[in-house]
Amino acid sequence: MRRFGEYYDITLQKQAERVIKWNGTYDSPSQIIQPSLVLVGTEDVITTPKRSLLLVEKIPLVWLVQIREAG
């Protein structure tokens, strides 16, 4: 039986691999016409607060929420 920490490590690794491989739609957030929420932890290592700010700058109607000490 795996411990919680092992699941966390596997999940984090898989998420990082997919983010790195994803070509995504990073250049087209300005096409989002609905009000949006970008939620990020201040300690997030995959989608960092800095990246979230770059995304927020491109979406017309957006709120940014940063959760302190979360990652």
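Residues numbered from 1 in each chain as written. Predicted model: local features only at pLDDT ≥ 70, side-chain atom pairs only at ≥ 80, totals over all residues. Heavy atoms only, no water.

1. Considerations on a nonpolar patch on the surface
Then, number 1: There is a patch of nonpolar side chains on the surface, built from Leu-37, Leu-39, Trp-63, Val-65 and Ile-67 and spanning about 510 Å² of accessible area.
Then, number 2: The element best represented in the nonpolar patch is strand S2 (residues 62-67), accounting for three residues.
Then, number 3: In this structure, Leu-37 sits in strand S1 (residues 36-41).
Then, number 4: Residue class for Leu-37 comes out exposed when judged on its relative accessible area of 55%. (Patch = residues over 30% accessible without salt bridge, like charges linked within 9 Å, V, L, I, M, F, W, Y side chains within 5 Å. Areas by Shrake-Rupley, 256 points an atom, 1.4 Å probe, with all protein chains shown as cover. Salt bridge = Lys/Arg side-chain N within 4 Å of Asp/Glu carboxyl O. Helix = DSSP H or I, 4+ residues; strand = E, 2+ residues; numbered from the N terminus. Buried < 20%, exposed > 50% of the residue type's maximum accessible area, 1.4 Å probe, protein only.)

2. Focus: the environment of Gly-41
Then, number 1: Among the structural elements, Gly-41 can be located in strand S1.
Then, number 2: Taking C-alpha positions, Gly-41 is 4.4 Å from Ala-70, a pair spaced 29 residues apart along the chain.
Then, number 3: Here Gly-41 is in contact with Pro-49, Ile-67 and Ala-70, once residues within four sequence places are set aside. (Contact = heavy atoms within 4.5 Å.)

3. Comments concerning the environment of Ser-52
Then, number 1: As for its position among the elements, Ser-52 is in helix H2 (residues 49-56).
Then, number 2: As for Ser-52 and Val-38, which are separated by 14 residues in sequence, their C-alpha atoms are 7.0 Å apart.

4. A few points about unusual backbone geometry
Most peptide bonds take the trans configuration, and most residues that are not glycine carry a negative phi.
Then, number 1: One non-glycine residue, Glu-69, lies in the positive phi region at around 60°.
Then, number 2: With respect to the helices, strands and loops of the structure, Glu-69 is situated in the segment after S2.
Then, number 3: By relative accessible area, Glu-69 is classed as exposed at 69%.

Keep in mind that these numbers describe shape and distance, not what the molecule does.
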